[in-house]
Amino acid sequence: MMLSRLLSNDYPRSRVLAVILLAIFLALAVTPFAIPGVKALNVAAKVLVFIVLVASFDLLLGYTGIVSFAHTMFFGIGAYGIAIASTRMGAGWSALVVGTACALALSFVLALAIGLFSLRVRAIFFSMITLAFAAAFQTLASQLSDFTGGEDGLTFKMPAVLSPSFELTERIDGRILCYYLLFVLAVVLFLALLRIVNSPFGRVLQAIRENEFRAEAIGYRVVVYRTVSSILSALFATLAGAMLAIWLRYNGPDTTLSFEVMLDVLLVVVIGGMGTIYGAVIGSGLFVVAQSYLQDLLKLASDAASGLPWLAALLSPDRWLLWLGVLFVLSVYYFPTGVVGRLRALGPAKTN
Amino acid sequence: MSLLATENLTIRFGGHVAVNGVTCSFEPGTLTAIVGPNGAGKTTYFNLISGQLKASAGRVTLGGRDLSNEPPSQRTRAGLGRAFQLTNLFPRLSVLENVRLAVQATQARTGLNLWSVWSDHRDLLQRADAILQSVAMKDKEHELVANLPHGDQRKLEVALLMALEPQVYMFDEPTAGMNHAEAPVILDLIRKLKADRSKTILLVEHKMDVVRELADRIIVLHNGTLVADGDPATVIASPIVQEAYLGVSAKEGA
Amino acid sequence: DSKEIRIAHVYSRTGALEAYGKQTQTGLQMGLEYATGGTMMVNGKKIVLIEKDDQGKPDLGKSLLATAYSDDKADLAIGPTSSGVALALLPVAEEYKKILLVEPAVADSITGDKWNKYIFRTGRNSSQDAISNAVALDKPGVTIATLAQDYAFGRDGVKAFKEAVHKAKIVHEEYLPANTTDFTAGAQRLIDALKNQPGRKVIWIVWAGAGNPFKIADLDLKRYGIEIATGGNILPAMASYKQFPGMEGATYYYFGIPKNPVNEAMVAQHYKQFKSPPDFFTAGGFSAAMAIVTALKKTNGDATAAKLIPAMEGMSFETPKGKMTFRKEDHQALQSMYHFKIKVDPAFPWGVPELVHEIKPEEMQVPIRNTR
Amino acid sequence: MNLKDFDWKPLALVPLLALIVLPFIGSASTWVTLTVAGLAMGMIIFIIASGLTLVFGLMDVLNFGHGVFIALGAFVATSVLGSMGDYTGSSSLWVNLLAVLPAMVVAMLVAGAVGLAFERFIVRPVYGNHLKQILITMGGMIIGEELIKVIWGPLQIPLPLPEGMRGSFYWGDAAVEKYRLIAVVVGSVVFGLLLWTLTRTKIGLLIRAGVQDREMVESLGYRIRRLFVGVFVVGSALAGLGGVMWGMYQQNVIPQMGAQVNVLIFIVLIIGGLGSTTGALVGALLVGLMANYTGFLVPKAALFSNILLMMAILLWRPQGVYALSK
Amino acid sequence: MSENLLTLSGVHTHIGAYHILHGVDLVVPRGQLTMLLGRNGAGKTTTLRTIMGLWRASQGRITFGGEDIAQLPTPRIAELGVAYVPENMGIFADLTVKENMLLAARGARSVQQIDRNRLEWIFSLFPAVEKFWNHPAGKLSGGQKQMLAVSRAIVEPRQVLIVDEPSKGLAPAIINNMIDAFASLKQSGVTILLVEQNINFAKRLGDSVAVMDNGVVVHAGSMKALAENEELQHSLLGLAL
Ligand SMILES: Nc1ncnc2c1ncn2[C@@H]1O[C@H](COP(=O)(O)OP(=O)(O)OP(=O)(O)O)[C@@H](O)[C@H]1O
Ligand SMILES: Nc1ncnc2c1ncn2[C@@H]1O[C@H](COP(=O)(O)OP(=O)(O)OP(=O)(O)O)[C@@H](O)[C@H]1O
Ligand SMILES: [Mg+2]
Ligand SMILES: [Mg+2]
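All of these numbers come straight from a predicted model, not from anything done at the bench. (Residues numbered from 1 in each chain as written. Chains lettered and ligands numbered in written order. Predicted model: local features only at pLDDT ≥ 70, side-chain atom pairs only at ≥ 80, totals over all residues. Heavy atoms only, no water.)

### Observations regarding the overall build of chain E
When helices and strands are counted, chain E shows ten helices and ten strands. Since a compact globule built from 241 residues should have a radius of gyration of about 18 Å, the 17 Å found for chain E is in line with a globular shape. In terms of its C-alpha atoms, chain E occupies a principal-axis envelope of roughly 45 × 40 × 35 Å. Looking at the 241 residues of chain E, the share that counts as buried comes to 61%. Within chain E, contacts between residues separated by at least 24 positions form 65% of all contacts whose residues are at least 6 apart in sequence. About 9,100 Å² of surface is accessible on chain E, with carbon and sulfur atoms providing 49% of the total. Positive and negative charge centroids in chain E, built from 22 and 21 side chains respectively, lie 6 Å apart. (Helix = DSSP H or I, 4+ residues; strand = E, 2+ residues; numbered from the N terminus. Rg over C-alpha atoms; globule rule 2.2 N^0.38 Å. Buried < 20%, exposed > 50% of the residue type's maximum accessible area, 1.4 Å probe, protein only. Contact = heavy atoms within 4.5 Å. Areas by Shrake-Rupley, 256 points an atom, 1.4 Å probe, with all protein chains shown as cover. Lys, Arg positive; Asp, Glu negative; His and termini not counted. Charge placed at Lys NZ, Arg CZ, Asp CG, Glu CD.)

Next up, the structure:
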């Protein structure tokens, strides 16, 4: 019953899926102690950030049916909020609070504007406009270098408790505390999103996605719902950005605003399964880990293929992007409904 | 009890006047059939009333309230319900969810409720169940709408309108493409509504036997203009209907 | 105590700067071999090179450097290619208290306000670039207009250039968006600014990355007697210099210019290995290797920062560009730059820069910008 | 097409824009230089966008991989032209063309052939689904770009303009680059051929119908598959041609060049309205002019000129200047 | 030359995981008008789509003029002389009425090349087609679209016409036109297979009749026999009428 309230009555609806989700949850919970090394911790933290970012995008894409390329803009705003505040005000909790609040406010205004504009033009145009808009925003961020650090970005410090130099006990340092801060944030934000999509509001969004015209006809003001949805998803993305900045203690245009990040998000949504929210967890887990270790893997493969120069050239770690591209193509081929969709179709076992 | 009225309602598409200065009002408790040849402007007239199209001129009022500048959703909330001629549903949601969405739309604020869990709203579920019973579709409640045959989609179209519980019901050829075994379900529903005597019902229908049986009043549109209005027997007998619509005299003459 | 000296090289193996990064790696490898006489040993310890691909992403670079220092137990690190990455790496070196030898990222702030004591740089900085160009062009009676990309790199470059110009007159600064493809408007403004000036007229271009600002020459600047000047670049980029015989500027490196045994050895080795001359960034990688090995020899193979920092401060070492010296104050390696003039030689697919004058470190007042 | 029905307003925007800025620029010769350069730039943009008018505008395939064909065309051109130094070195335009024309043909053939494979393996499973198109073609784009790096290396490769195409013509103080005039000629030919095929033959109709309801087109007895493949190949080949023109304009090519122009050409099509060749031309000309005018008058704003232009146009005509259906 | 132009024997069709047709046997005699009746969801539309190759028969034979067409691609089937009016009408909404008609006329490169007399005949049957000639087809009223859909199918002569519920949503006068159209088409030797709910329509036109239920044909015979046999009508009434 507790669980059911937490999950908003939206169960994984597949036993395998439930097991995988639980495994990811546990793995993320114990990473700092179970897997040694800086790299593993960094990967796990990135997974946490991506879960929130991707889930927030799923609200927009999977549930409302809006294809926006400007989502990373809000992600960037969140990260810049923390970065700029921490640079200007010095490291401290108040900088985090002020930075996040300002970022949320800016995101709110921009999302409102975009949401209202989206109604004037057809969906596909809207996507292209957001694409251009996001590109312009990125350039703007690098041009306002006095403020944003330009292309070079900003490096800043965190409150002492969250810094690597802080040591609580022998094994627990500031990095680990910072990790658990992210972990808690990610869990809370994820459950909140799950609740939103399963609320009456969430259902209306689905209706709009399916047939906007009819949704309006039965009495739902599509403008309002669309706008609220894009604002909500923007706010969650902003928080994801803040999480990333807290973890990296760095932010720059390429880190949060680049189109590459947007692509990663799109890919993760699709791999995981659109319109499921759970897909964000699976997708992020799979993708971030794959991305982080892809080059290592390719190195092994190309060494193995060293006898065949052509194959070795293709498998070279330098060409890791090639394989990411292949991943894009294959995931559309083989996971049209994402991992979650696949698993649910396999065995509709109820974990009730 | 409110009265639906249109005053001088007109719409032009380029040079073509699809609905031309139609002034008419509809009393609660009556079923008015709207007939006319294909392209006469019947669906367009509905579109103007329910707000899918914006009138070039004229007003739509319900119980004295001017709705002319309201978007469709607000008109629906004000009490204008509408079923579509071409089926228009939420294809990748289940039958039950389709109806539940319509039921939810009648609730004042639930739509923007972000924080409660949908499946906890028992009241919505019960209403939706009752409606599905009434159109004999309870057994298909978990099917995806996209997989339903045409006839069932038509029934669901009507079920959504029922779920809205409006003051004015607008049916646009509700039984088109339904066979004689299925159509009675829909016609029964309309009869029941009519028996209620408090609802305003508008019905576009080409099947004259249905019109004869159900209608209290018939209005005839021709080239966008209202050309006849009155009790069924008189209107059907009028030469304009016989010729332009039923094509009778032309046939008989030949 | 350990039998190895582990050096991490964090650079752009892939990404936008892939071509540059790979040159650095080649130079570094060659340099280590040259400096150790092919043994890859210093004081009985084996040098192990760990490669990390930052893909040009600062966040990734940060995590890679931390991984290198901690998981891979690297004693010191070299890199990265991009200035953005470099700035993100600086605090990591400080956190882990290990040396980071910056090569070839150019931003002034690396050895400026973002500097910390673990940071050294063999690469030239933007100021050195700009000042050497200024020295090459700064003559009485010359009128200069600048053309740069509208972001920090371009604006800083122009600023340093202006500070170093004393005799010539600067009449116009044109900044264009980094993604500009059509230069007509900018060219028109530059022409308007220069055409009625007396004497020698020069447009000094500082541009990196996409877009080809030399296209402004197609508007026939010669009509107004306007010349173009710019710094050096990698060889493929200097292909477009072929259209500008006689163009002057100052460069960091061109394989045919420096005359010293180290350069001769590198050029010979590079031709042997790749059948082509070493390029811009190869020289930088080579210099970094020379710096490291020289320092390690001084500390008898001790790679801790505590030993290396005092050893390296003020240290001079041989490179393909001749002698370099780490300035004590900001750990920037002071080095010669080359005033060149382009000659067209059909044997080369690029415009060949011929040495006019070697600009010695003493001739350039490279400012110290950190707050030590 | 009926001339009487033709909607002149969008076309009139082009001279209108030019006239409005005249007083701000002041000098007539500067204005001529900027205007002619801008229009010619528009023509170059039109050439690189023309392939996408077919693929995106008509077939409704959001091909983010389109840029790869542009890059591919340019790289092929470096190889072809590189091996014909004698012809490109000559200062006679006609001798130059002996090298440039084969380069164009080879680039179009190669891009077309790769387009065939791209359609088969990347696009075919996703007709009708924009989101999947974005993802899968993006994957295709990455793969293509990396393969270019495998074949030609990651470095930028110079693509020097043949001698005879360098320099400018002069009208008094105003200068117009020769190469831009060549682009105008090529662009006009492409425009004419496209317009003719799409409005005077049934193919255009069939494509548009096929996008709306493939099953019905097949039921009418047309092999829609083959047609779509054909259109895609032609679109890719045009991109290859665009790549040659763009590469020669830039005078050097990099593997990322396709990605760099992607957004630009999408903007052009949106301004023009999907599926309209005339619209794409108008969009390209407006973009070309706007870039030069803002670049001269307010360089800071040049960066946003395209976006502002697009927003303004969409507020005027939400479907683009020449929308197919009104 | 076979007696039956189109035959289906033992045709099974699956749509995804659903088994829809369970062995349909149907004959369409040459030169006749065959009515296909059945309640909603009986599988009529599926049968027509299977004939057109839009869904593949998983089992069974479909022959057209003696040739097995079960595995042919749709365009091939159309080229053999089959015209199809789908249930949803398949109008190209963004194209004008003229362009819709031009596409249906496979032999014509431009409107001028369409047989003028045939066009005039169509205009006389369905005046709306002429009236809205240059309008986007998507803007037509429901009934007008239906008229356009049928007009498209008959703009060039075809051997067999397969039509899914042409009368739905048509005004009585137009239904009469439609009946006239089919009658005169039949006269000119065209074979017609018609799915219909309107029993009067069926009675006035049909030569033979087949009734479907649950994915199989449960009755086949002549229309005349059915019309005269009250009892049979009654037993099939629940299914068909
Ligand atoms: N959006 C529109 N743009 C242009 N013309 C339109 C539009 N909507 C309808 N029309 C035209 O208006 C006329 C009336 O159409 P309407 O759909 O109201 O007819 P109807 O009476 O419902 O006919 P039917 O019985 O066939 O459904 C038709 O001629 C149609 O072509
Ligand atoms: N795309 C689909 N996926 C799954 N099932 C389908 C699909 N389309 C149709 N069906 C099912 O196939 C069965 C037959 O449908 P069909 O459309 O052939 O019936 P019909 O006889 O034409 O009915 P109607 O008179 O309502 O048009 C129905 O039970 C329907 O639910
Ligand atoms: Mg209608
Ligand atoms: Mg059917």
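### Things to note about the interface of chain A and chain B
Counting from both sides, the interface comprises 29 residues of chain A and, opposite them, 35 residues of chain B. When the two sides are added together, the surface that chain A and chain B hide from each other amounts to roughly 2,900 Å², 60% of it contributed by carbon and sulfur. Run the count over chain A and chain B and you get three salt bridges. Here B:Glu157 makes a salt bridge to A:Arg214, at a shortest N to O gap of 2.5 Å. At the boundary of chain A and chain B, one finds 13 residue pairs in polar contact (both at pLDDT 80 or more). Of all elements in the fold, only α8 (174–197), α9 (200–210), α10 (212–217) and α11 (222–248) of chain A reach the threshold of two or more residues within the side of chain A that touches chain B. Ranked by residues supplied to the side of chain A that touches chain B, first place goes to α9(A) with seven residues. (Buried area = accessible area lost by both parts, 1.4 Å probe. Salt bridge = Lys/Arg side-chain N within 4 Å of Asp/Glu carboxyl O. Polar contact = N/O pair within 3.5 Å; in protein donor to acceptor, adjacent residues only side chain to side chain.)

### A look at the pairing of strand β10 (residues 216–222) of chain E
Here six bridges tie strand β9 (residues 208–213) of chain E to β10(E), and the two strands are oriented antiparallel to one another. Counted as the bridge partner of E:Ala210 is E:Ala220 from β10(E). (Pairing = 2+ DSSP bridges.)

### Details of the interface of chain D and chain C
When the parts come together, some accessible area is lost, and that loss is often what is quoted as the size of the interface. Taken residue by residue, the interface counts 34 residues in chain D and 32 residues in chain C. Between C:Lys215 and D:Glu177 there is a salt bridge, and its shortest N-O distance comes to 3.9 Å. There are nine residue pairs in polar contact (both at pLDDT 80 or more) connecting chain D and chain C. Ranked by residue count, the leading element in the side of chain D that touches chain C is helix α2 (residues 28–58) of chain D, at five residues. Among the residues forming the side of chain D that touches chain C, the class breakdown is 15 nonpolar, 13 polar and six charged. (Nonpolar A, V, L, I, M, F, W, Y, C, P; charged D, E, K, R; others polar.)

### Re helix α3 (residues 95–106) of chain B
All names here are of chain B. Taking 1.5 Å as the rise per residue, α3 with twelve residues should run 16 Å; its terminal C-alpha atoms sit 18 Å apart, in good agreement. Extensive coverage of α3 is indicated by the burial of eleven of its twelve residues. Taken together, the buried positions of α3 are Val95, Leu96, Glu97, Asn98, Val99, Arg100, Leu101, Ala102, Val103, Gln104 and Ala105. (Expected span 1.5 Å × (residues − 1).)

### What about the domain arrangement of chain E?
Residue and element names in this part refer to chain E. Examined at the domain level, chain E breaks down into domain 1 (4–81 + 158–237) and domain 2 (94–157). Relative placement of domain 1 and domain 2: their C-alpha centres are 24 Å apart. Across the domain 1-domain 2 interface, the total number found is one salt bridge. Taken together, the connections running from domain 1 to domain 2 amount to three residue pairs in polar contact (both at pLDDT 80 or more). No other element matches helix α7 (residues 172–187), which puts seven residues into the side of domain 1 that touches domain 2. Its residues assigned to classes, the side of domain 1 that touches domain 2 comprises nine nonpolar, three polar and four charged. (Domains from an automatic or database assignment.)

### Details of the coordination of the magnesium ion (ligand 4)
Protein coordination at the magnesium ion (ligand 4) comes from E:Thr45 (OG1) and E:Glu87 (OE), with a distance range of 1.8 to 2.4 Å. Here the residue E:Thr45 occupies a position in helix α1 (residues 44–52), and E:Glu87 occupies one in the loop between β6 (82–85) and α3 (97–104), the gap between them amounting to 42 residues. (Donors = N, O, S within 2.8 Å, 3.2 Å for Na, K, Ca; no water.)

### Observations regarding the site of ligand 2
Surrounding ligand 2, one finds 19 residues, the nearest of these being E:Gly41, E:Lys44, E:Thr45, E:Thr46 and E:Glu87. Ligand 2 sits at the junction of chains B and E, each of which supplies nearby residues. Backbone polar atom of B:Gly151 to an oxygen atom of ligand 2: 3.1 Å apart, as the coordinates give it. A distance of 2.5 Å separates an oxygen atom of ligand 2 from a polar atom in the side chain of E:Thr45. Protein coverage of the free-state accessible area of ligand 2, which is 640 Å², stands at 84%. Counting residues per element, the shell around ligand 2 draws most heavily on α1(E), at three residues. Among the residues forming the shell around ligand 2, the class breakdown is six nonpolar, nine polar and four charged. (Near = heavy atom within 4 Å.)

### Looking at the packing of aromatic side chains
Taken as a whole and judged by the stated rule, the model has 38 aromatic pairs over all chains. Members of the aromatic cluster, each reached through a chain of ring pairs, are A:Phe25, A:Phe33, A:Tyr179, A:Tyr180, A:Phe183 and A:Trp247. If you follow D:Lys178 out to its NZ or CZ, it ends over the ring of D:Phe169, 5.7 Å from the centre. Lying over the aromatic face of E:Trp55, E:Arg49 brings its terminal NZ or CZ to 4.1 Å of the ring centre. (Phe/Tyr/Trp six-rings, centres within 6.5 Å; stacked < 30°, edge-to-face > 60°. Lys NZ or Arg CZ within 6 Å of the ring centre and 35° of its normal.)

### Remarks on the UniProt feature "transmembrane region" (unreviewed entry) in chain A
In the numbering used here, UniProt assigns the "transmembrane region" (unreviewed entry) feature to residues 50–83, 95–117, 123–141, 177–197, 231–250, 262–290 and 320–340 of chain A. Taken as a whole, residues 123–141 of chain A contains 100% helix and 0% strand, while its terminal C-alpha atoms sit 27 Å from one another. (UniProt positions renumbered as here; feature names shortened; annotations may be inferred.)

### A word on the site of ligand 1
Near ligand 1 lie 21 residues; those nearest to it are B:Lys42, B:Thr43, B:Thr44, E:Ser141 and E:Gly143. Nearby residues around ligand 1 are contributed by chains B and E. At 2.5 Å, a side-chain N or O of B:Thr43 approaches an oxygen atom of ligand 1. At a separation of 2.7 Å, an oxygen atom of ligand 1 approaches a polar side-chain atom of E:Ser141. Considered on its own, ligand 1 offers 640 Å² of accessible surface; in the complex 90% of this is hidden by protein. Those elements that provide at least two residues to the shell around ligand 1 are β2 (16–26) and α1 (42–50) of chain B together with α6 (142–154) of chain E. Residue composition of the shell around ligand 1, grouped by class: six nonpolar, twelve polar and three charged.

### Describing the sheet that holds strand β15 (residues 337–343) of chain C
Residue and element names in this part refer to chain C. With respect to topology, three strands assemble into an open sheet ordered β11-β15-β16, the strand pairing being antiparallel. Looking along the sheet, the strands with just one partner apiece sit at the ends: β11 (248–251) and β16 (352–359). Between one strand axis and the next, the sheet turns through 35 degrees on average, direction left out of account. Across four bridges, the pairing between β11 and β15 is antiparallel. Bridge assignment links alanine 250 to a residue of β15, and that residue is histidine 339. Lying over the sheet, helix α4 (residues 126–137) contacts β11, β15 and β16, oriented at roughly 145 degrees with respect to β11. (Axes fitted to C-alpha atoms, helices over the stretch in contact; angles between N-to-C directions.)

### Brief notes about the pattern of salt bridges
Tallied over the entire structure, the rule returns 57 salt bridges over all chains. Measuring nitrogen to oxygen at the nearest pair gives 3.2 Å for the salt bridge that ties A:Glu210 to A:Arg209. What makes A:Arg209 partly exposed here is its relative accessible area of 24%. A salt bridge links C:Lys22 to A:Asp318, with the shortest nitrogen-to-oxygen separation between them at 2.8 Å. A residue pair is termed interchain when its members come from two chains, as with C:Lys22 in helix α1 (residues 18–35) and A:Asp318 in the loop between α15 (309–315) and α16 (320–334). Owing to a relative accessible area of 26%, C:Lys22 belongs among the partly exposed residues under this scheme. Three or more residues are tied together by salt bridges with common partners; here these are A:Asp318, A:Arg319, C:Arg13, C:Glu18, C:Lys22, C:Glu51, D:Glu146 and D:Lys149.

### A look at a nonpolar patch on the surface
Residue and element names in this part refer to chain D. Taken together, the side chains of Leu16, Ile20, Phe24, Leu297 and Val298 make up a nonpolar region of the molecular surface, amounting to roughly 470 Å² of accessible area. The greatest single-element share of the nonpolar patch, amounting to three residues, is contributed by helix α1 (residues 9–25). Among the secondary structure elements, isoleucine 20 is positioned in helix α1. (Patch = residues over 30% accessible without salt bridge, like charges linked within 9 Å, V, L, I, M, F, W, Y side chains within 5 Å.)

### Considerations on the environment of C:Thr81
Residue and element names in this part refer to chain C. For threonine 81, the position within the fold is in the loop between β4 (76–78) and α3 (83–96). Between the C-alpha atom of threonine 81 and that of lysine 272, which follows or precedes it by 191 residues, the distance is 25 Å. Setting aside residues up to four positions removed in sequence, threonine 81 forms contacts with Val10, Tyr11, Ser12, Leu17, Tyr20, Gly21, Asp54, Pro104 and Ala105. Reaching out from threonine 81, the side chain makes a polar contact with the backbone nitrogen of serine 12 at a distance of 3.0 Å.

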